[in-house]
Amino acid sequence: MKRVWGRARIHPWLAGSLAVLVLAAAGLGTYFGVRDDKAAAATATTTTQTVGTGTIRQSVSATGTLAPASQEELNFTVSGDVTSLAVAEGQTVKKNQALATVDSAALAADVAQAQATVANDQAKVDDDSTNSATDTQVVADKAALTAAQNQLTSAKNQLAAATLRSPIDGVVASVNLTVGQSVAGSGSSGSSGSSGSSGSGGSGASGAGGAGANSGSSGSSDTSSDPQILVISTKSWVVNATVDSSSVNLIKKGNQAQLTVTGATATVYGTVASIGLVSSSTSGTASYPVVVDVTGSPTGLHDGADVTATLIYKQLSDVLVVPTTAVHRNANGGQYVERIKNGKTEQATVQTGISSGGQTQIVSGVAAGDKIVVPQIRVGGGTGTTPRGGTRTGFPGGGQFPGGVFPGGGLGGGGGAVQLPRGGTGG
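The structure displayed is predicted, hence computed values, not measured ones. (Residues numbered from 1 in each chain as written. Predicted model: local features only at pLDDT ≥ 70, side-chain atom pairs only at ≥ 80, totals over all residues. Heavy atoms only, no water.)

S.K.: Lay out the overall build of the protein chain in plain terms, naming residues and giving numbers.
M.R.: Helix and strand counts for the protein chain stand at four helices and 25 strands. Out of the 427 residues in the protein chain, the part that is buried amounts to 34%. In the protein chain, of all internal contacts separated by at least 6 residues, the share reaching a separation of at least 24 is 73%. Total accessible area on the protein chain stands at roughly 23,300 Å², and carbon and sulfur atoms take up 51% of it. (Helix = DSSP H or I, 4+ residues; strand = E, 2+ residues; numbered from the N terminus. Buried < 20%, exposed > 50% of the residue type's maximum accessible area, 1.4 Å probe, protein only. Contact = heavy atoms within 4.5 Å. Areas by Shrake-Rupley, 256 points an atom, 1.4 Å probe, with all protein chains shown as cover.)

S.K.: Provide a residue-level description of the confidence of the model for the protein chain, including the pertinent values.
M.R.: Within the protein chain, residue pLDDT values average 77, and 69% of them lie at 70 or more. With pLDDT under 50 throughout, residues 17-41 is counted as low confidence; its partners more than four residues away or in other chains account for 38 contacts. Scored below 50 in pLDDT, residues 381-427 makes 97 contacts in the model with residues more than four places away or belonging to other chains. (pLDDT = per-residue confidence, 0-100.)

S.K.: Help me get a handle on the pattern of salt bridges, residues and values and all.
M.R.: Per the stated rule, a full pass over the model turns up two salt bridges. A salt bridge links R339 to E346, with the shortest nitrogen-to-oxygen separation between them at 2.9 Å. Of the charged contacts in the structure, one is a salt bridge between R339 and D370, with a shortest N-O distance of 3.7 Å. Taken together, the residues R339 in strand β20 (residues 335-341) and D370 in the loop between β22 (359-364) and β23 (371-378) connect sequence positions 31 residues apart. Look at D370 and you get buried, because its relative accessible area is 19%. It is possible to trace a salt-bridge network through shared partners that takes in R339, E346 and D370. (Salt bridge = Lys/Arg side-chain N within 4 Å of Asp/Glu carboxyl O.)

S.K.: Describe in detail unusual backbone geometry, supporting the description with residues and values.
M.R.: Phi is positive for D318, which is not a glycine, with a value near 55°. Following the sequence through the fold, D318 ends up in strand β18 (residues 306-323). Judged by its relative accessible area of 60%, D318 falls in the exposed class. In the Ramachandran plot, N342 falls in the positive-phi region, its phi being about 55° despite a non-glycine side chain. With respect to the secondary-structure elements, N342 resides in the loop between β20 and β21 (344-356). What makes N342 exposed here is its relative accessible area of 73%.

S.K.: Could you give an account of the nonpolar core, with specific residues and numbers?
M.R.: With 23 residues, the main nonpolar core has L66, V239, V243, L259, V261 and L311 as its most contacted residues. Apart from the residues lying within four places of it in its own chain, the contact partners of L259 are V239, T267, V268, Y269, V292, V294, V307, T308 and A309. In this structure, L99, A161, L177 and I229 belong to the second largest nonpolar core, which totals 19 residues. (Core = buried A, V, L, I, M, F, W, Y, C linked by side-chain atoms within 4.5 Å.)

S.K.: Residues and numbers for the sheet that holds strand β4 (residues 80-85), please.
M.R.: One open sheet holds the four strands; their spatial order is β7-β6-β4-β9, and the pairing between them is antiparallel. Strands with a single pairing partner mark the edges of an open sheet, and in this sheet they are β7 (163-165) and β9 (182-183). (Pairing = 2+ DSSP bridges.)

S.K.: I'd love a proper account of the environment of T55, names of residues and values included.
M.R.: For T55, the location among the structural elements is in strand β2 (residues 52-68). You can call T55 partly exposed: its relative accessible area is 46%. Spatially, the C-alpha atom of T55 lies 7.9 Å from that of V321, the residues being 266 residues apart in sequence. Excluding residues that lie within four positions of it along the chain, T55 makes contacts with Q315, L316, S317 and D318.

S.K.: Quick one: what's the story with the packing of helix α3 (residues 105-130) against helix α4 (residues 135-160), residue by residue and with numbers?
M.R.: Closest axis-to-axis distance for the α3/α4 pair is 8 Å, and the angle between their directions is 160°. Classified by the angle their axes make, α3 and α4 are roughly antiparallel. The two elements α3 and α4 cross, and the hand of that crossing is left-handed. (Axes fitted to C-alpha atoms, helices over the stretch in contact; angles between N-to-C directions. Parallel < 35°, antiparallel > 145°, perpendicular 65-115°, else oblique. Left-handed = near helix turned anticlockwise from the far one by under 90°.)

S.K.: Give me the lowdown on α4, citing residues and values where you can.
M.R.: Its 26 residues give α4 an end-to-end C-alpha distance of 38 Å, which sits within 8% of 38 Å, the value for a rise of 1.5 Å per residue. Buried residues belonging to α4 abut α3. (Expected span 1.5 Å × (residues − 1).)

S.K.: So what's going on with the environment of T324? Residues and values would help.
M.R.: Inspection of the secondary structure puts T324 in the loop between β18 and β19 (328-329). A relative accessible area of 34% means that T324 is categorised as partly exposed. Those residues within four positions of T324 in sequence are excluded, and the remaining contacts are G358, Q359 and T360.

S.K.: Describe the side chain of S247, listing the residues and the values that go with them.
M.R.: Mapping S247 onto the fold places it in the loop between β13 (237-244) and β14 (256-261). Here the side chain of S247 touches D244 through a polar contact of 3.0 Å, side chain to side chain. (Polar contact = N/O pair within 3.5 Å; in protein donor to acceptor, adjacent residues only side chain to side chain.)

S.K.: Give me the lowdown on α3, citing residues and values where you can.
M.R.: An ideal rise of 1.5 Å per residue puts 38 Å on 26 residues; α3 measures up with 39 Å between its terminal C-alpha atoms. Buried within α3 are the following residues: L107, V111, A114, V118, D121, V125 and D128. Summarising the contacts, the buried residues of α3 are in contact with α4. The first or second residue beyond α3 is S132, which carries a positive phi of 55°.

S.K.: Pulling in residues and values, what's your account of the pairing of strand β12 (residues 229-232)?
M.R.: Across the two faces of β12 the burial is the same, with I229 and V231 and L230 and I232 all buried. Sheet topology places strand β3 (residues 70-74) next to β12; four bridges connect them, and they run antiparallel. Within the sheet, the bridge partner assigned to E72 lies in β12 and is V231.

S.K.: Explain the environment of A161 residue by residue, including any values.
M.R.: By secondary structure assignment, the location of A161 is in the loop between α4 and β7. Take A161: its relative accessible area is 1%, and that puts it in the buried class. Separated by 83 residues in the primary sequence, A161 and V78 have C-alpha atoms spaced 6.4 Å apart. Here A161 is in contact with F76, T77 and V78, once residues within four sequence places are set aside.

Below is the structure:
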């Protein structure tokens, strides 16, 4: 060492460098000597809070998509050529509005013929009472009148079915008809509900096809399996969602739901309408279908929108609640909160109820208006102190060292010179 200092006297620049290195090492040792380890770990502070009442709920989350509550698949129940088409895809329609028609001349003729038959048979029944007809004749004439009346009803239904009408207020989702197209009576026109219920719906009475269907028509024949016109509701909606096997037993029909719908500006509400019993499996995880009926007629909803649902299976209102972090467990397994009474902190044994969302229900042990201590956890390095009045932040890299400039940047600081003397702040 004497030889080194001897050379330093010969080379002044070497003396300066050695001095800097020695002082830097001393400063580093001082840094670790006075460093408060708590500043780099999680630190806890406390606040005082007044016990009050509130609402606490337990829920499960589900994801799904929005769908119309009603989807009416409309098809002509009589055969004929399409003579008019009054709507286009995307058009808003009212209940009972005419959407399309087929040639009804033959159907109207059938009605007229049936009306004539009913009139004739009615006249016979009337004559039986004045002509002293036998009981057998009266029974036969009345039976003929009943049959004629039934035929008239059927003919009128067939004529009505020549006009396709919307059974709901809604929007036309698709149209698979053109004027001049030849359609074959499908027998019935129905609806499919997104909530799993099927409806008979339709634009007219069921039938095997109207009599007098035009033959030899130049129009194209309808062979598509798609509905001729699809009308969906826009004021009533459902959510088709799924929950996993660990959650399905917690919920039941009628539970309330809060829905976050893509495109909607406000929270939407609903109720659980049905819970499926048969699961589907994806990557080994079982999922169960859940249908939620949307409450009311919220605006801004669209078919197929993504939905995040909070299904509330337990809710308690106007109960005592405290932050869950305020509840501690003692050595005997009991629970307590730190209550402030007469300016002093004491342990108040409590009985708790349900916990959710960072809040815990208090059943007994404290009352509304009591003051309790609530820990506030803060994670991360704080600001410590170093010798000679400087400051450091986090891990060393901005420590203080007396005298000179240490070339090459601060220790651990990633660049910049540590300013010395008189206690600057490192970079």
